[in-house]
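# A closer look at the structure
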Amino acid sequence: MNDKKVVEIKNLVKNYGSRGFQTRVLKGIDLTIYENDFIAIMGPSGSGKTTLLNILSTIDKPTQGTIILDGKDITKIKNRELSKIRQNKIGFIFQDYNLLDTMTLQDNIALPLSLNGVSNTKCIEKTLLLAKEFGLKEHLKKYPYQLSGGQKQRGATCRALISDPEIIFADEPTGALDSKSSRDLLECLKNVNDAHQATILMVTHDAFSASYAKDVYILSDGMIKCKLSKGKDRKEFYDRIIDMQVSLGSDFS
Amino acid sequence: MSMMKLSFLNFKASFKNYLSLIISLSFTVLILLNFQNIIYSDTFDTLGQMNTRNIRIIIDCVTIVLICFMIFFIWYSTNVFLAKRKKEIGIYIFMGLTHSKIGKLYMIETSLIGLTALIIGLIFGIVTSQLFQMILVAVSQISVELHFSWTIKPIIFTVVVYLAIYFIFVIKGYINIVSSSVLDMVTAAKQNEYVKQNKYILLVKAILGITILISGYYMAIKDAGIEVMGNLFIAVVLVIIGVYLLFGGFIPLLFQTLARNKMFLYKHERNLWINNVVFRIKKNYRTYAIVCVLMLCSVTALGSGFAMKNRYEGIVHFRNTYTFQCTSNQADLNEKLRSLIEQDNDIEYGNYLPILNIDTSLIDTLYKNNTYMFVSYSNLKRIAKESNLEFNFPRLKDNEIINVTQLHIMSFANKENITRTIDKKEYKQIAETAIPYLGRFQEKLEFFLVSDDTYQSLKSKGNEIYCYNYKIKDNTNFKASIDELDTIVSETENNYTSYLAVDPSSSDIEWIKIMYSVCIFMFMVFILASGSIIFMKLYNDAFEDKGRYDVLKKLGISKQKLKKSIAHELLFAYLTPFIVMTVSSYFSILALSKVMETNLIFVNIVSVFIIFIVFGLCYSFSIKIYQKNASI
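Residues numbered from 1 in each chain as written. Chains lettered and ligands numbered in written order. Predicted model: local features only at pLDDT ≥ 70, side-chain atom pairs only at ≥ 80, totals over all residues.

When helices and strands are counted, chain B shows 18 helices and ten strands. Here chain B, with 632 residues, has 42% of them falling under the buried criterion. Put simply, 85% of the contacts in chain B that link residues at least 6 apart link residues at least 24 apart. (Helix = DSSP H or I, 4+ residues; strand = E, 2+ residues; numbered from the N terminus. Buried ≥ 20, exposed ≤ 12 C-beta atoms within 10 Å, placed from the backbone. Contact = placed C-beta atoms within 7 Å.)

Let us look at unusual backbone geometry. Within the chain, Tyr97 of chain A stands out as a residue other than glycine whose phi angle is a positive 60°. Its place among the elements puts Tyr97 of chain A in the loop between strand 6 (90-93) and helix 3 (105-114).

The next point concerns the packing of helix 4 (residues 99-140) of chain B against helix 5 (residues 153-179) of chain B. All names here are of chain B. Interhelical geometry of helix 4 versus helix 5 gives an angle of 155° and a closest axis separation of 9 Å. One element, helix 4, and the other, helix 5, form an angle in the roughly antiparallel class. At the point where helix 4 passes helix 5, the crossing takes the right-handed sense. Across the interface between the two elements, His99, Ser100, Ile102, Gly103, Tyr106, Met107, Thr110, Ser111, Gly114, Leu118 and Leu122 from helix 4 touch Ile155, Val159, Tyr162, Tyr166, Val170, Gly173, Tyr174, Ile177 and Val178 from helix 5. Broken down by class, the residue content of the contact of helix 4 with helix 5 amounts to 13 nonpolar, seven polar and no charged. (Axes fitted to C-alpha atoms, helices over the stretch in contact; angles between N-to-C directions. Parallel < 35°, antiparallel > 145°, perpendicular 65-115°, else oblique. Left-handed = near helix turned anticlockwise from the far one by under 90°. Nonpolar A, V, L, I, M, F, W, Y, C, P; charged D, E, K, R; others polar.)

Taken together, the contacts link 22 residues of chain A with 21 residues of chain B. Residue assignment for the side of chain A that touches chain B shows that the elements contributing at least two residues are helix 2 (79-88), strand 6, helix 3 and helix 4 (120-133) of chain A. Take the side of chain A that touches chain B: its biggest share by element is five residues, from helix 3 of chain A. Split into classes, the residues belonging to the side of chain A that touches chain B amount to 13 nonpolar, six polar and three charged.

With that out of the way, let us pick up the sheet that holds strand 4 (residues 64-69) of chain A. Residues and elements named next belong to chain A. The strand order across the open sheet formed by four strands is 2-1-4-5, and the pairing between neighbours is antiparallel. Every interior strand has two partners, whereas the edge strands, strand 2 (23-34) and strand 5 (72-73), have only one. Where strand 1 (residues 5-16) and strand 4 come together, five bridges link them in antiparallel fashion. Residue pairing across strands places Lys10 opposite Thr66, the latter belonging to strand 4. This element, helix 1 (residues 49-56), spans strand 1, strand 2 and strand 4 of the sheet and lies at about 60° to strand 2. (Pairing = 2+ DSSP bridges.)

Right under this line is the structure:
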């Protein structure tokens, strides 16, 4: 395992509500993500998965605690720098793809890079490379409405990867896909993790999806309950995740 | 909950969204009411029957134009209401309401919006009507006494016209709802049919558009004069079709090609805004075309106004020199004419001189339809002295000419030291004068003052006619001499004589001043309308774009970049119609100049500049609103 820390979360606390009626959603989370990690965060509804992801992706601010991303505490950075970090250091994959319907797949993939002032030749080159890798080369000229869900999500993954981010946050990436497309996408993500040394943090409620990760953290009631690490075999890992789910006794979906 | 209550709640909730539409609808009501009020008020009765009749004709024409506007605005507004409501309507259908009930809901709601606009328009119309008349009279520089009067008729007229149009479109919306499928309604809010269009169809449209537009321009400036009105009509039709095809073909083609060229696209914020333009153009190109045509109308209206005013001032300026002016091919009519006039009137002064008409084919000029006359230096000097007019030009050299011309409204070009070629010989124009040496003739014809020797040498190129001018002592008695002068008119091949009598005190043409101010007013209405049409379009597009900008923000695209991209996109929306209008206006004004026989290039420049300022303001305001609506 690589020793370079990408994200270091210390004592992360998040309260919602006004004074006197506060609910503590995250109750002190400590988590360190190293380079080339593939982490899945699982948990039942209301366990704080989405809140955690929102804070990590700088959309929300924590009540307490620090998050060090690439040597900087992102909880204390001003807005302008935050969007720089979001653009350069973080890649996002959303449940509902969020491709822009106004442009072709190729333009969608190239968008973050082209708006970043990167040279046009490099944009084109990288877009084609990624599209080839994700099996989208024939679809580049199409608009999102002409693509299937799986193709869209793979496109969105390309878009997340194009700026070579330090870490990729995936929010229920398979949530809207059928099982075949889900498997394709997860294979892709795994491949990205293996071949590109990309660091991935995925939030999911689906044990099957989670079994593609290297480590699974189970989040429950605002705290990390346990960590499962993958052995050699994915199937065996899947069974262990299911067992853990059963032992916690809550419905994750 | 009752139907009425539900629609009222909907109306209240959406009032803010529709504010811009309600304001524009009220505005059309206000304008129409103000103009109608002029017809029914007795303000202009004091100007005499002839003027009142002409003013009424002008206002009738304006009314037709305003009603067209109203139709357009109501059509546009009800469409926006329909599109916005259709998705929610889809939800009602799922709840089990029947189509016709939902149709009724839409009708009540839209009627509430329409009535609100009507009432606001009427109230402000009544409040501003006196102010409007005051401004109209002040701009026209006519002296009538304004008294505050109000009749119910203009209100009834406005209300009936407005409601009739509104009702038709509401019914249209109702039928649309009743006959559309549930699926249509649910997906109405996010239809993605407007993406790329077939390249070849666009290419054909683009080529057709440019060809038609250019032939329209050509038709407009090909010939001049009242007799080619037919050509001008064809030109107008061709230009309108051309503009439509340009926006429907050429511009989408251009932007699709740009979007396909990734080397170009992946720079700055182009990837965002060029794709947005391509995405929207199929839905929006009609709006751009309409705005373009509207602005063209506005520039032409202003041009006509100034041409009218010019004509009016010309008539006043030139009619005070002589009462009677005759032209004839006979050189010896002076004594006869004098005796004829003196039967009833005393002549204050009179003179006669030969003038030389040279065919335009020998003269280099843009205005081939004008008539060019040449006068010799000594002759003009003589009649100037006889008519007590100032004359202080130095004796001309043989290669020098002076342009004795009509009044120019606003002339900015340097008329001195320009070179004119007449019969292959170059002459230096050393001065220009509008002193009415030749009375009314000077207003219709273009005169050149040349040295006596040059006049003699040109004599063989043209034909010489004689001009007799008389001013009588008692202007008001000019009619008495008319019967005597009629006897001298002849129109045979080798003997022709005609005369022109001027009534200097006539106020028959006061209505031209009204025409002038109405034209200025229409100019402003047209510009405001074009600005607000684009503004409303963008206002609505912004809501549609909110989701997209949310995604972009999540992806970490900085607000600064998004603002830049929006600025570019909106600039396209304002700038393209503006550029097409600017080019087209040059031709329309040139055509108008030819018809009205006056130079209007300055009006063209000023009006384009004013539109530029108005659009600039709309543009910066649009950016602010767009950012707010898309919540950036």
